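Structural characterization, general
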Amino acid sequence: MMKKMSMPTSKTSLVLFLCQIISALDVPLDSKLLEELSQPPTITQQSPKDYIVDPRENIVIQCEAKGKPPPSFSWTRNGTHFDIDKDAQVTMKPNSGTLVINIMNGGKAEAYEGVYQCTARNERGAAISNNIVIRPSRSPLWTKEKLEPNHVREGDSLVLHCRPPVGLPPPIIFWMDNAFQRLPQSERVSQGLNGDLYFSNVQPEDTREDYICYARFNHTQTIQQKQPISVKVFSMDSLNDTIAANLSDTDIYGAKPVTERQPVLLTPTGSTSTKVELRGNVLLLECIAAGLPTPVIRWIKEGGELPANRTFFENFRKTLKIIDVSEADSGNYKCIARNTLGSAHHVISVTVKAAPYWITAPRNLVLSPGEDGTLICRANGNPKPSISWLANGVPIAIAPEDPSRKVDGDTIIFSHVQERSSAVYQCNASNEYGYLLSNAFVNVLAEPPRILTPANKLYQVIADSPALLDCAYFGSPKPEIEWFKGVKGSILRGNEYVFHDNGTLEIPVAQKNSAGTYTCVARNELGKIQNEVQLEIKDPTMIIKQPEYKVIQRYGQVSFECIIKHDSTLLPTVTWLKDNDELPDDDRFLVGKDNLTIMNVTDKDDGTYTCIVNTTLDSVSASAVLTVVAAPPTPAIIYARPNPPFDLELTGQLERSIDLSWIPGDENNSPITNFVIEYEDALHEPGVWHYQTEVPGTQTTVHLKLSPYVNYSFRVIAVNKIGRSQPSEPSEQYLTKSASPDENPANVQGIGSEPDNLVITWEPLKGFQSNGPGLQYKVSWRQKDVDDEWTSVIVANVSKYIVSGTPTFVPYEIKVQALNDLGYAPEPSEVIGHSGEDLPMVAPGNVQVHVINSTLAKVHWDPVPLKTVRGHLQGYKVYYWKVQSLSRRSRRHVEQKILTFRGNKTFGMLPGLEPYSSYKLNVRVVNGKGEGPASPDKVFRTPEGVPSSPSFLKITNPTLDSLTLEWGSPTHPNGVLTSYTLKFQPINNTHELGPLVEIRIPANESSLILKNLNYSTRYKFYFNAQTSVGSGSQITEEAVTIMDEAMASRQVDIATQGWFIGLMCAVALLILILLIVCFIRRNKGGKYPVKEKEDAHADPEIQPMKEDDGTFGEYSDAEDHKPLKKGSRTPSDRTVKKEDSDDSLVDYGEGVNGQFNEDGSFIGQYSGKKEKEPAEGNESSEAPSPVNAMNSFV
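Below you will find a few notes about this structure. (Residues numbered from 1 in each chain as written. Predicted model: local features only at pLDDT ≥ 70, side-chain atom pairs only at ≥ 80, totals over all residues. Heavy atoms only, no water.)

**Some thoughts on the sheet that holds strand β85 (residues 1018-1026)**
Reading across from one edge, β83-β82-β85-β86 is the order of the four strands in this open sheet, with antiparallel pairing throughout. Each of the sheet's edge strands pairs with one partner strand only, and the pair in question is β83 (997-1002) and β86 (1035-1040). Taken pair by pair, the neighbouring strands of this sheet meet at an average axis angle of 25°, ignoring direction. One ladder, built from six bridges, connects strand β82 (residues 979-987) with β83; its direction is antiparallel. Bridge assignment links Y980 to a residue of β83, and that residue is I1001. (Pairing = 2+ DSSP bridges. Helix = DSSP H or I, 4+ residues; strand = E, 2+ residues; numbered from the N terminus. Axes fitted to C-alpha atoms, helices over the stretch in contact; angles between N-to-C directions.)

Laid out in structure tokens, this is it:
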């Protein structure tokens, strides 16, 4: 029994870890609750570890922390207490640990160089910052040196050394001339990483006296200059002339011309070198070579490929740049310099080390008295970092003992904690390349239950919809939650309710009888508390009379109905849309209580009309289509646009209004439907006419409202169904008096562009809206939910103002008020904006992967706390990539794939995975600023799938009764191959398929000899591979066994029989005689009078067969490209000798100069009949040629 109860150590750790997850408390982000709960200090902001400061400005060393009670701060410098009270130059900001060292009032930055560390402490523990190394930047002057001129022969290499002074941080180097122009660089002339200027070979144009090296120190904004360097290049022509002028005629002189040289590396020297780079940094490798012609540089990685998408070539490919290096980038990198004379190479052995990086950083732990928990601190690096623990800033070995605490390497295990166990623990992971320091507190709280949901909160839902009743709570130990209905109701249970972990009660389908009072009860061992909420169920809104489809004639009237029924306690609003947009601003559209009427319908009214009914709880809609058709035909009448109005008159002039009257022009057989009134502001926009208003066509006067500080003139345009008239002549001008603005800028927004600012923008008022001279804007802002006064500033001629020094992503109340020389506009409305976003702080946790099938997986994660998003949550990104194929066990670099899931989703599907492979993934949260840190990589594997088809199937060595099959394994096995399946069947001359034979072949075989087949028979083969999942796609092939040898020999012997040869010769002779007779008859025409003369001078192209050797004479047909030459008889051994015949295979394109089709088949120069397709069996596929044709006659 004791053996069964024992548990391995690894399982014990797992159980403890799970206990931590189950029992650790989540503190709600309730501001009132957070103010009341005690909390150890947490460092929220600190300066960087390596802090280089400007020696001319005050030094600010940041240290901010939070806690309850608020923490106090202290500092150490170089390991000892730093008493700031004794140094008049050093002050600490109020309610902060940030130090300000006053350098601008007499202090020296060098005196404060050192290592600083901040401690934030309260009664619950002490948190410490990183070691902050303060170093003032330095920009020393160049040392004096005497520079000799460089005299170089044309074609030689040259290096101009810069040797800049050592600064902090190192300077940026560049070369310029006396005119401060950058010196041009190319493949021949370029700057090295050390700042030197390299010439692979010098040319006469390189001669100059102002090669100047500059060093720019960005931190102090200073530039140092080296003394100019002089270069004189001697060309061979000028050198010959100079030497010849100093030699006598008898002197022997021979100047060598510019000689080409094979490459030699200028840097690095030797054949090999080494370089160490840290993980995550940028790897820069350089090779610069001398040579003539200028060498070209090429880079390779021995035994591997350069990483795609992370490799860049700079400085004319002389510099290899690999970003974000990892341990996988270690190896030998070879640069090869090559020109036409040869090459040189250098191998750089790269080793990638790693400063410590987190695998699992310790996280804050909130426990109840008597509970258990763990702090885990895991880091990696190269070499492996060492882990050490501190408690409240003191090494844990000498810290006060705590019986509930046990240190086990990278883990601290807590058992039965008490309130005195609260402390801040620091984990330090360090190796020779750096360190990581993380604070994590253990906060032991004993708190009775609290319910954070307001009492008697009212919830209203529509019947048959889900209802969610909140009961936000907190307590330590974690309280148990129970729900009751009614004052004396029993506890709620059953499938009709869903109880959420956060205390929320969900009623999936709320009915009328679900209404009433619900009581939430929270209890733990320290107490009990309850809260009541009210639920009301409302009737759904319905459209009981929907609009119907209508067809109406042009200029008619149409009406759509929309009669609704709703809950008596809800106030509905009815909105009409046309084609999903607002109704036209037209008096013809009349919206009633339960209908829409359109008067005087026109073609443009054609479309879809939608009635939308909204209440505070629901929304319904219904649509109908209106089709406008032409009116019945009428007698032809000439219609035209109206003539323009005339005699415009202004009357009743007041400060803000005026009356305008006119006389209409002729309407030209089409009634005037309306008049459009436009105005011109001669003061602000002379020559530009704006729309003012429009009135019905029966009206000839209008009362116009005016704006102050505008010089008005008006014109009128008449409109009928044909179109618009020309504008009338302008009226007289009328200038209104100035006044304070009537309106404020529109579209006021507040959006931060940086984490510490707020950019306030607005649409400025137009000229006539200013109401007077001196238009300005009063911009005001204050942080929302904070009892602050408004901060204001007055600006002019801008539409943007930037507020600096704001906290990251906090809401602000903003308002922008217009004013001019006569006063302010009305008080503007307030809008809510946010200061700038910053990158999220926390990675998603608890990433889990569920593999659905061989190509699809589902990933889950816990959402990050919204407070750590530090911006508008846009969603989550899942990065995943294939590590290796499990069937091949070979690793290759595969690019990451990224899937984005919008909103606050906590899961997503990963499609398109490869079967039987190992993958990694991580998840990152995304806001408007960018991506947060990645979660730890999660490894998962896909199961086996069916394989692809075999890579090839080749059939060789055909015999009378056997064929040899060879095949290649599938390109994508997608698992472990179990076997192959071969199916085959014969095919007869009519392409009918015979019986199918199936053979199962072991997976380790790659060839097979099929025996006992029929001779001269075509077979079709089907071949595929199997895994344990099933069969893959098949590959097919066909092949033929050879013909019976006796039958083949009988067919060949026919061509050698005497009777066959004689028959062929007789046929040929008869054809030749017929050709001669036809040719003679064509020339004589049957009536030629001098036939005997022609017989005596026969046509030289018509020659009889020669009697001496029995061969045919020369005959040329118009379509032949080559005549048959004399003496083209084939010898008895059926070979054609070159010395015996000029009619060689080369002459017909079958020799080395032959041509070939795209598929590799031969195209001869001799083309008779088109070559037939090769027949099945043993028929020859040789192309016909003149030689073969002649062989048949011999």
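What follows continues from the structure just given.
**Things to note about the sheet that holds strand β32 (residues 386-391)**
Sheets are built from strands paired through backbone hydrogen bonds, the pairs being either parallel or antiparallel. Strand order across the open sheet formed by five strands is β29-β37-β36-β32-β33, with mixed pairing between neighbours. At either end of the open sheet lies a strand with only one pairing partner, and these are β29 (365-367) and β33 (394-395). For β32 and strand β36 (residues 423-431), the ladder comprises six bridges, and the chain directions are antiparallel. Looking at the pairing, I387 lines up with A429 of β36.

**Points about the pattern of salt bridges**
Opposite charge on two side chains permits them to pair, given that their charged atoms come into close proximity. In this structure the tally under the stated criterion is 37 salt bridges. Residues E302 and K334 are paired through a salt bridge, measuring 3.8 Å at the closest nitrogen-oxygen approach. Note that E302 is positioned in the loop between β24 (296-301) and β25 (311-314) and K334 in strand β27 (residues 331-339), a separation of 32 residues in sequence. We note a salt bridge from R588 to D586, for which the minimum N-O separation is 3.1 Å. The network of salt bridges with common partners includes D177, R208 and D210. (Salt bridge = Lys/Arg side-chain N within 4 Å of Asp/Glu carboxyl O.)

**Looking at the side chain of T1017**
If you trace the backbone, T1017 turns up in the loop between β84 (1007-1010) and β85. Engagement of the side chain of T1017 in a polar contact is seen with the backbone oxygen of Y1015, the distance being 2.9 Å. With residues up to four places along the chain from it excluded, the contact list for T1017 reads P986, A1039, V1040 and T1041. (Polar contact = N/O pair within 3.5 Å; in protein donor to acceptor, adjacent residues only side chain to side chain. Contact = heavy atoms within 4.5 Å.)

Purely spatial values, then, with no claim about function.
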